[in-house]
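The residues making up each chain are set out below.
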Amino acid sequence: MRLRLVGTPAKKDATSPVDPLAALSRAAGLGDAHAIDTLLLTVTPAMLRAVRGVLGGDHREIEDVLQESAIGLVGALKTFRGESTVLHFACRIAVLSALATRRRLRERAKDLLETPEVLPLASNESSPVELAWAARRRAILRDLCDALPSAQSEALVLHCMLGFTVEEIADAGQVPPNTVRSRLRLAKEALRTRIVADPTLRETLESEA
Amino acid sequence: MTAAQPCPDSLLARARAGTLSSLEKRQLLAHLGQCETCRVSLVVGQDFDAAVAARPEDTLLVKRVADAVRASPALYASVSPPKRRARPGRRLWMYGVAAAWLTISCVVGAARPSFRRTLAVFLGFQDHEVRRDAPAADVVARAEQKKPSPIKTSVSSGGAETTPAPAEEPAAVPRPEGLVRAESPAAPGGAHAKELFAQANAKRRAGDESGARRLYQELQQRYPQSPEAEVSRVALGRLLLERSQDPKAALDQFDRAMNQPGQSDQAGLAEETLFGRATALMRLGRTDDERKTWLLLLDRFPGSVYADRAHARLREISLAGVQDGPTPKPAVK
């Protein structure tokens, strides 16, 4: 049985799965140019998804933020000690960069922040109306990220947008799992309040439940 | 949500990843029945799963970013290992090597070609020179200006008819086509493949389907061998399939992308191409070809993001037991 002290970050044990990118990240952290290249090409697609989630699918700043995040990742590898997987570590850096960009843009020019989201290409499963509702819900979550405290925004984005578990968020941020749970509870409650305040979305939610 | 029973956030995340056991599924369903907050969280999470999926143009974007990071001075400042102060003796030795290197370079550069080749081979420079020269289209162009060869004509016409030159002429050694294609050719009018591609993408994002379609087609006609044209076949295919509702034209695009398997693999587009092709075939009612394409997708990319869709569709086809009539042989191998 595994016991974990309340209030301390999760520790890796022998049963933890091996991170396939660990060796590559160590070599990259030592300045191996080939390792840096390989690592970037491996993790940048996941970082792109994170940035796209926070800024919106077709935001004009996506490429700049992604580049900034990638440089940040390479710089942070020296001090990365493998507390989380490299992929989660990289995604967290991308999320934090994108959230910071949102805040900066919000302060600079409120009206220019949201680039209207182009609906994803229609699929067989979703009608155009359902796609429009989904886009509205995504916009609500992004707006909420600007209003919540940074730590709650980060937890909400990592969990809701990227599907991280509580343990993965705790490992990536080096915080106790119970702290993550508490942040998530508050953030999710705020999200629910905003979504159900919209009568149409509330109705769709009930139909999807 | 109750005070006694905290929300199973990790179960919610794992439900989206499809890794729940049947017991965990029952636990989660029971919780969702009484917790509106978690229902909202799950629905919004699924909205994002669909929205942040990979796009055909991502491959180029990722490559651009990786290139930019590689060229960034900030990168070297952050990861360079700590520099040790060189000892005076060691520094002198390094200066000596550098001076010798410079002298040899000057001699090699000034020498006659035959002597230069001999000396370069002797000093082991031959491979380095060939590698350095090969990808640089401008260097090749300069060399060809000095010594006209059949390759010059074929490269400028898109590389479709590369004629090998005599083997004994080092300047005219046939180069792999990919090296020439790596540089997007510029049009005499000033528009580049990259610009055309960016304009087409902008039109597509703005909802101007006909404009995007026209630009993608122009790109493919003017620069058929460019990397942008490769990607545009998949992008245009999806546009035709899902916005213009024209599966026949979309299939044509996907087939053209499939007919250059090496290139689509290289650009990471093969998975997207197979998915688009299978969907187009489904819309056209060519069930047998569709089934083969899904199977090929699963065979080549077992961990694909489209694997669930492929399995589901294969089940539907199997349950329906539908076999369409004789169909043309698929382009995929």
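Keep in mind that this is a model prediction, so the values were computed, not measured.

### Regarding the overall build of chain B
Each helix and strand in chain B was counted, giving 19 helices and 0 strands. Across the 333 residues that make up chain B, the buried fraction comes to 39%. Considering only contacts within chain B whose residues lie at least 6 apart along the sequence, 51% involve residues at least 24 apart. Summing over all exposed atoms, chain B offers an accessible surface of approximately 18900 Å²; the carbon and sulfur share of this is 58%.

### Some words on the packing of aromatic side chains
Remark: the centre distance and the inter-plane angle together describe each pair of aromatic rings, the angle taken between the planes. All names here are of chain B. Counted under the stated rule, the structure contains 3 aromatic pairs over all chains. Centre to centre, the rings of F197 and Y216 are 6.3 Å apart; their planes meet at 55°, and the pair counts as tilted. Taken together, the residues span a long stretch of sequence, with F197 in helix α12 (residues 193-205) and Y216 in helix α13 (residues 209-222) at a distance of 19 residues. Residue classification places F197 among the buried positions, given a relative accessible area of 6%.

### Re the interface of chain A and chain B
In this assembly, 57 residues from chain A lie in contact with 47 residues from chain B. In total, about 4600 Å² of surface goes out of reach between chain A and chain B, with carbon and sulfur atoms giving 63% of it. Linking chain A with chain B are 5 salt bridges. Two residues, D9 of chain B and K188 of chain A, come together in a salt bridge whose shortest N-O distance is 2.4 Å.

### Remarks on the pattern of salt bridges
Residues and elements named next belong to chain B. For the coordinates displayed, the defined rule picks out 26 salt bridges over all chains. The closest approach of N and O atoms between R233 and E230, which form a salt bridge, is 3.1 Å. Note that R233 and E230 are positioned in helix α14 (residues 227-242) at a spacing of 3 residues, about one turn of the helix. One exposure class covers both R233 and E230, and it is buried. For the salt bridge of D255 with R277, the shortest nitrogen-to-oxygen distance reads 2.5 Å. Separated by 22 residues along the polypeptide, D255 in helix α15 (residues 247-258) and R277 in helix α17 (residues 270-284) bring together distant segments of the chain.

### Details of helix α19 (residues 307-320) of chain B
All names here are of chain B. Spanning 14 residues, α19 covers 20 Å between terminal C-alpha atoms, matching the ideal 20 Å at 1.5 Å per step. Buried within α19 we find A307, R309, A310, R313, L314 and I317. Within α19, the buried residues cover an arc of 155° as seen down the axis, which keeps them to one side. Facing away from the buried side of α19, by more than 90 degrees, are the exposed residues D308, R315 and L319. Where α19 is buried, its residues meet α17 and α18 (287-300).

### Quick word on the state of the cysteines
By definition, a disulfide links the sulfur atoms of two cysteines through a covalent bond. Residues and elements named next belong to chain B. Per the counting criterion, the structure on display carries 0 disulfides over all chains. Take C35: it sits in no disulfide, and the sulfur closest to it among the cysteines is that of C38, at 3.7 Å. C7 supplies the cysteine sulfur nearest to C38, a cysteine that is in no disulfide, at a spacing of 3.4 Å. Residue C38 is classed as buried on the basis of its relative accessible area, which comes to 0%.

Each value, and the rule that gives it
- In every chain, residue numbers begin from 1 and rise along the written sequence.
- Both sets of labels track the order of writing: A upward for chains, 1 upward for ligands.
- Per-residue local features are limited, in this predicted model, to residues with pLDDT of at least 70; the limit for side-chain atom pairs, both in listing and counting, is 80 or more; totals at the level of whole chains, interfaces and linings are taken over all residues.
- Where side-chain values are given, they derive from all heavy atoms of the structure, hydrogens and water being excluded.
- Per the convention used, a helix needs a DSSP run of H or I reaching at least four residues, while a strand needs a run of E reaching at least two, with both numbered from the N terminus.
- Accessible area is worked out with a 1.4 Å probe on protein chains only. A residue is then buried under 20% of its type maximum, exposed over 50%, and partly exposed in between.
- Residues are treated as being in contact if the distance between any of their heavy atoms lies within 4.5 Å.
- Note on areas: Shrake-Rupley with a 1.4 Å probe; residue coverage comes only from the protein chains shown.
- Two aromatic rings, drawn from Phe, Tyr or Trp (for Trp, its six-membered ring), form a pair once their centres lie within 6.5 Å of each other, and the interplanar angle then sorts them: stacked below 30 degrees, edge-to-face above 60, tilted otherwise.
- Buried area, as used here, totals the accessible surface that two parts lose on assembly, with accessibility defined by a 1.4 Å probe and the loss added over both.
- Any Lys or Arg side-chain nitrogen found within 4 Å of a carboxyl oxygen on Asp or Glu counts as a salt bridge.
- To estimate how far a helix should reach, multiply one less than its number of residues by 1.5 Å.
- The directions considered for the arc run from the helix axis to the C-beta atoms.
- The disulfide criterion used throughout: a pair of cysteine sulfur atoms within 2.5 Å.

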